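Observations on chain architecture
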Amino acid sequence: MTTRKVIVEVVEARNLPPKDGEGSISAYVMVDFDGQCKRTKTIPKKLNPAWNEKLEFTVNNPTTMIGEELEAEVYNDKKTTVGRNPFLGRVKLLGSQFPKKGDENLVFYTLQNKSVFSTVKGALGLKICYFDEPIKPPDPPPAEQPPAEAPPAEAPPPAEAPPTDAPAPPADTPAPPADPPAPPADAPAPPAEAPPAAAPPVDAPTAEAPPAEQPPAEAPAAAAPGEAPPAEAPPAEAPPAETPPPAEAAPAEAPPAEAAPAAAPPSSEAPPPADTPPAEAPSTTENKPAEEVKPPEEVAPTKEKTIHHYERPPMSPLPSMSAEYFTKDIPFGRNDERSTYDLVEKMHYLFVRIVKARALASRDSTGNAGDPFVKIRVGGEVVRTRKTQNNSSPEWNQIFAFGKGPLQAAPTLEISVWDENTGTKDDFLGGVCFDLSEVPTRVPPDSPLAPQWYRLEGEGRVRGDIMLAVWMGTQADETFPEAWQSDTGGVINTRSKVYVSPKLWYLRVNVIEAQDLEFPEKVKSPELKVRVQLGMQVLRTRASNNRTSSPVWNEDLMFVAGEPFEEPLMLLIEDRPNTGNNKDTTALGQALVGLTAIERRVDDRMVSSRWFNLDKPNGEQKYHGRLHLRLCFDGGYHVMDEAAHSSSDLRPTAKQLWKPALGYLELGILGAKNMLPMKTKGGRSTTDAYCVAKYGQKWIRTRTITDSFNPRWNEQYTWEVYDPCTVLTLGVFDNRHIYMNSHDQKSSDLKDVRIGKVRVRISTLESNRIYTNSYPLLVLLPSGVKKMGDIEIAVRFSCPSLLDVVQIYNKPLLPKMHYLHPLGLTQQDMLRNIAMKIVAMRLSRAEPPLRHEVVQYMLDTDSNMWSMRRSAWYYRFRPRMPPHMDTRISHADTVDPDDLDEEFDPLQSSKDSEIVRKRYDRLRSLAARIQTVLGDFASQGERIQALLSWRDPRSTGMFIATCFMISMILYIVHIKMVLISLAFYFLRHPRFREPMPASILNFFRRLPALSDRIM
């Protein structure tokens, strides 16, 4: 058992407004989470207070933690507040944004208002994490120790005379057994406290306890000198209130009459009449404590909480599916539950679960067990389980699903057990038959059907039983994905699976300087560079201008790393002269850095630098200088692994910066039709098709329908939507790895063939409406565009709050770090290709694997360079000084020697054909960049057209509402006042300008273009 706890470390606040009339504040923070409220200390007279306090909260229900809301409010001390409002701002976070312990980072959250009329500013820095702590079981021995001390109290037998004084206290006698040493301290108190402690009459020591209770007259005399018993009396009274409940729980349910016989045998020393009343007294006193103890046990765990998160809206099921396009309005907020497969057609299957068998017939008279297996026959479909070696009580635990075709062929199901023989005919061990008309039907969420034992019947060597279960169900059955399926052949490469992309980080390596380098004798004028390698990524710094043993670079290098981190970061200082020959390179020292020890940041704050000792590249552990580095993982960026025009996820890497989901996207993959043959098998053409869909970090793969030109998948999947201006990508492929062992080709030579791809932009879907359509599958071949078939899908975007979606249109498309510290276009393309390779490599390790060619086609990384609108174009350069000859504009300072050679080459080139071919390829890349710019201009026109043609109904509605408001303002306010206000706004001081793009630009960039329709 574990309990989950959330740690909130309140670090500091920045730029808080003054509230005390003296230009300062005395601030404290109130944190409320899961019904628990805690506060920090007050920091007096500081606008940037630092608390550095950790507040711990216990999560009542870990399963609903992702929906719990944490609210941190900053207040000024009321004693120093000038005015009535000490409120300084608040921060609201959901439990889904909390990272695990060890992954937490310091994040500064902008303070928000409570209402429209309150004005706040500043930011609050928090570190939040959660962890699961094991619950220590309670220690029962301390409660049982007092009865163990009772026997020593029996030593003074003379105390048996006073029982005559206690005919009235017999009802009180059960109390002392729980705490024999305590009663002497206050004798009159036990009668009132005795009834709750009457639980122990069932135990043997309880009967011996009355003699222990009788020496109260002697006990004070013995305890008076030390005065220890009176001091111990209070602790002795506490256990009766705690120890009785567990002991009374059992007797309270048991008849009181049983307590008397249990106490009678040990009470032979005392008179029987005196023992019978205590037996009745516990029966009455046991009921009272039970009533008093039960309420707190029931109330504590059943504490109800309000979960601040929305649930998926229930929708009415879709009655029928057709290839024609239609839409259907779904009223939001219905109370009827919707099925998991309400967008697709129900496909009925016969499920057979073979669990195990027992007491099967032996192979010969010596009792040698055989190699049993099970055959299942439905119509013309015959399948078998795996065999077990030399076992008369085998276990299989396999599930089989038979589709509509085999079920229509025959009305019976035959299950038989066989003993496999090598070289001879298999031996029949018995069988069972079922009438399909009598098979029960299971509808989720019903519990699984319990398997039963059936006696094997037949002639010959038949003996034993088999445990199995048979039921009728649909593809919504939870056993369906792992079951053997008749329409897929049961091969592991044909099953449907869900994949998750690895979590990608940008690793920033700032190479600052090195010291104490040792140069070989042959190095006279070193050209010192730092070679940094992370897996397959290799980057080098430029040569240092300081050619001494303490070179300085101060250069940033960016890498992509995927969790879990597998390879270390390797840095190598080398002397690399510009001779073009790698043999002249001399390694001076290297350092290895583990990625798990690198700091993670979520903003642009400066991290601390570190010195790393250099070792010899040959592994010699000797000091060869040291290297000064500043390393950090930039969690404020979104690691691009898709093309910019078809991105499905724009969230930053750091989980703390994620916003709550806006809604859900549901995709129903119905089927395909009129597909072309993709390969030849057994002398005839066939197609084994499957689908792959990607949205965000979640990939799905449907099962492979074998040997069909009109496959029907009828599978439904769901994604969370964080930004409506994203794209869902669906691809169809032909599976070439089903028969990979039947050919002589190697597995690496077999590649799944692409059939076509479809993209759906979420912003073009209306909320809570089902879209069902048939899309053509087009593929670009060397011979031109070719149609491979049609695919039928159903899509629904469920969004409970339209206001949240509208607010997204005014926010930047990418995270904040992309605008504060932007990456160059060339660097973005390089990092995107690396990210794609990492994703493809990780997904190819799954079983069944999602192969490289599939991931490349889905992410558009192997597309033709001449295709338009492949990336965005940004005009970042802006003159900051009077015009003059600028080497940066002409790139004269970064020109390559080959570029200079081409610059001075005459018009009739005198170079070799290989050099001319390289220059031609470089010219093509330059032309592709020009095509990109032209395509971006075309995209702007397409966005304007989408705004006027209602392609994105939300953006068009917002545009019309804004135009109406502007027209009303222009009607009321004079045009001169409007122009003066605009002039003051555009000419405002840079201090009042923000680095983030304006809301108008954000709105325009989110409009849909036609770039997502490019092949």
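Because the structure is a prediction, the values reported are computed rather than measured. Note on numbering: residues in each chain are counted from 1, in written sequence order. The predicted origin of the model limits local features to residues at a pLDDT of at least 70 and limits the giving and counting of side-chain atom pairs to 80 or more, whereas totals for whole chains, interfaces and linings rest on all residues. Working from all heavy atoms in the structure, the side-chain values ignore hydrogens and water.

Section: the side chain of Asp952
Definition in use: A run of DSSP states H or I qualifies as a helix once it reaches four residues; a run of E qualifies as a strand once it reaches two. Both are numbered from the N-terminal end. Each residue's exposure class comes from its accessible area (1.4 Å probe, protein chains only) as a fraction of the maximum for that residue type: buried when under 20%, exposed when over 50%, partly exposed otherwise. The charged-residue count follows a simple rule in which Lys and Arg add positive charge and Asp and Glu add negative charge, with His and chain termini not counted at all. When a carboxyl oxygen of Asp or Glu is within 4 Å of a side-chain nitrogen of Lys or Arg, the pair counts as a salt bridge.
Assignment of secondary structure puts Asp952 in the loop between helix H17 (913–948) and helix H18 (953–972). Comment: no salt bridge for buried Asp952; closest opposite-charge side chain is Arg954, at 4.3 Å.

What to know about unusual backbone geometry
Across residues other than glycine, the phi torsion is negative in most instances, and most of the peptide bonds are trans. With omega at -5°, the peptide bond leading from Glu563 into Pro564 counts as cis. In this structure, Pro564 sits in the loop between strand S23 (552–562) and strand S24 (569–575). Here Glu847 and Pro848 are connected by a cis peptide whose omega angle stands at 0°. The phi dihedral of Asn397 falls on the positive side, at around 55°, and the residue is not glycine. The residue Asn397 is located in strand S13 (residues 395–402) in this model. Located in the positive-phi region is Asn714, a residue other than glycine, with phi close to 55°. Mapped onto the secondary structure, Asn714 falls in strand S34 (residues 712–721). According to the relative accessible area criterion, Asn714 is buried, its value standing at 2%.

Quick word on the side chain of Arg761
To keep it simple, the criterion reads: Two residues qualify as a contact provided that any one of their heavy atoms is within 4.5 Å of a heavy atom in the partner residue.
Position of Arg761 among the secondary structure elements: in strand S36 (residues 753–761). The residues contacting Arg761, other than those within four sequence positions of it, are His645, Cys725, Thr726, Val727, Pro1008 and Asp1012.

Thoughts on the nonpolar core
Cut-off, in case you're wondering: The term nonpolar core refers to a set of buried residues drawn from Ala, Val, Leu, Ile, Met, Phe, Trp, Tyr and Cys, joined through side-chain atoms within 4.5 Å.
If you look at the biggest cluster of nonpolar residues, it comprises 40 residues, and the most contacted ones within it are Leu665, Leu667, Trp719, Leu728, Val732, Ile755 and Ile791. Only strand S29 (663–673), strand S32 (689–695), S34, strand S35 (727–734), S36, strand S37 (769–781) and strand S38 (784–798) provide two or more residues apiece to this core. A total of five residues in this core trace back to one element, the largest contributor, which is S38. If near-sequence neighbours (up to four positions away) are discounted, Trp719 is found in contact with Gly663, Tyr664, Leu665, Leu667, Ala693, Tyr695, Lys698, Ile700 and Leu728.

Thoughts on a nonpolar patch on the surface
Going by this rule: Residues qualify for a patch when their relative accessible area is over 30% and they have no salt bridge, like charges being joined within 9 Å and the nonpolar side chains of Val, Leu, Ile, Met, Phe, Trp and Tyr within 5 Å. Every accessible area reported is derived by Shrake-Rupley at a probe size of 1.4 Å, with residue values counting cover from the shown protein chains alone.
Together, Phe964, Met965, Met968, Ile969, Tyr971, Ile972, Val973, Met977, Ile980 and Phe984 make up an exposed nonpolar region whose accessible area comes to about 1,200 Å². Those elements that provide at least two residues to the nonpolar patch are H18 and helix H19 (975–986). Ranked by residue count, the leading element in the nonpolar patch is H18, at six residues. Looking at where Met977 falls in the secondary structure, it is placed in helix H19. Classification of Met977 as partly exposed rests on a relative accessible area of 48%.

Observations concerning the confidence of the model for the protein chain
Applicable threshold: Per residue, pLDDT measures the predictor's confidence, with a range of 0 to 100.
Taken residue by residue, the protein chain gives an average pLDDT of 76. The fraction at 70 or more is 73%. When the criterion is pLDDT under 50, residues 148–339 qualifies, and its contacts beyond four places in sequence or with other chains add up to 187 contacts. Here residues 864–887 is a poorly scored stretch, pLDDT under 50, and it has 43 contacts once near neighbours within four places are set aside; other chains count.

Some words on the sheet that holds strand S7 (residues 107–110)
Two orientations exist for strands paired in a sheet by backbone hydrogen bonds: parallel and antiparallel. Applied cut-off: Following DSSP output, two strands are said to pair if at least two bridges run between them. Under this scheme, a helix contributes an axis fitted over its contacting stretch, all axes are lines through C-alpha atoms, and angles between N-to-C directions fall in the 0 to 180 degree range.
What the four strands build is an open sheet, ordered S4-S1-S8-S7; its pairing is antiparallel. The open sheet has two free edges, formed respectively by strand S4 (50–58) and S7, since each of these has just one partner strand. Shown here is a sheet whose adjacent strand axes are inclined to one another by a mean of 30°, direction ignored. Note that S7 and strand S8 (residues 123–134) share four bridges and pair antiparallel. Note that in S8 the partner of Thr110 across the bridge is Ala123.

As for the sheet that holds strand S22 (residues 537–540)
Strand order in the open sheet formed by four strands is S22-S21-S24-S25, and the pairing between neighbours is antiparallel. A single partner strand is all that each edge strand has here, and the edge strands are S22 and strand S25 (586–593). Neighbouring strand axes in the sheet, compared pairwise and without regard to direction, differ in orientation by 20° on average. As paired elements, strand S21 (residues 528–534) and S24 share six bridges and run antiparallel to each other. Of the residues in S24, the one forming a bridge with Val530 is Ile573.

What about the packing of helix H13 (residues 825–843) against helix H14 (residues 852–859)?
In a packed pair of helices, the relevant descriptors are the angle between the two axes and the axis-to-axis distance. The following threshold applies: With respect to orientation, any angle under 35 degrees is reported as roughly parallel, any angle over 145 as roughly antiparallel, any angle of 65 to 115 as roughly perpendicular, and every other angle as oblique. Note on convention: near helix rotated counterclockwise from far helix by under a right angle means a left-handed crossing. Clockwise means right-handed. Only Asp, Glu, Lys and Arg are considered charged in this grouping, and only Ala, Val, Leu, Ile, Met, Phe, Trp, Tyr, Cys and Pro are considered nonpolar; every other residue, Gly among them, is considered polar.
Running from amino to carboxyl end, H13 crosses H14 at an angle of 140°, the nearest separation of the two axes being 9 Å. Here H13 is positioned oblique relative to H14, judged by the angle of their axes. As for how H13 packs across H14, the hand of that crossing is right-handed. In contact with Arg832, Met836, Val839, Ala840, Met841 and Leu843 of H13, H14 contributes His852, Val855, Gln856 and Leu859. Class assignment for the residues of the contact of H13 with H14 results in seven nonpolar, two polar and one charged.

Section: the packing of aromatic side chains
Put simply, the rule is: In this analysis, rings of Phe, Tyr and Trp, with Trp reduced to its six-membered ring, are considered paired at centre separations within 6.5 Å, and the interplanar angle assigns stacked below 30 degrees, edge-to-face beyond 60, and tilted for intermediate values. In this scheme, the term charge over a ring applies when either NZ of a lysine or CZ of an arginine sits within 6 Å of the ring centre and within 35 degrees of the ring normal.
Using the criterion set out here, one finds 20 aromatic pairs in the structure. The rings of Tyr349, Phe351, Trp471 and Phe480 are connected pair by pair, giving a single aromatic cluster. Between the NZ or CZ atom of Arg651 and the centre of the ring of Trp658, over which it lies, the distance is 4.0 Å. Across the ring face of Tyr690, the terminal group of Arg701 is positioned such that the distance to the ring centre comes to 4.2 Å.

Some points on the environment of Tyr857
Within the element layout of this structure, Tyr857 appears in helix H14. The sequence separation of Tyr857 and Arg754 amounts to 103 residues, and the corresponding C-alpha distance is 7.8 Å.

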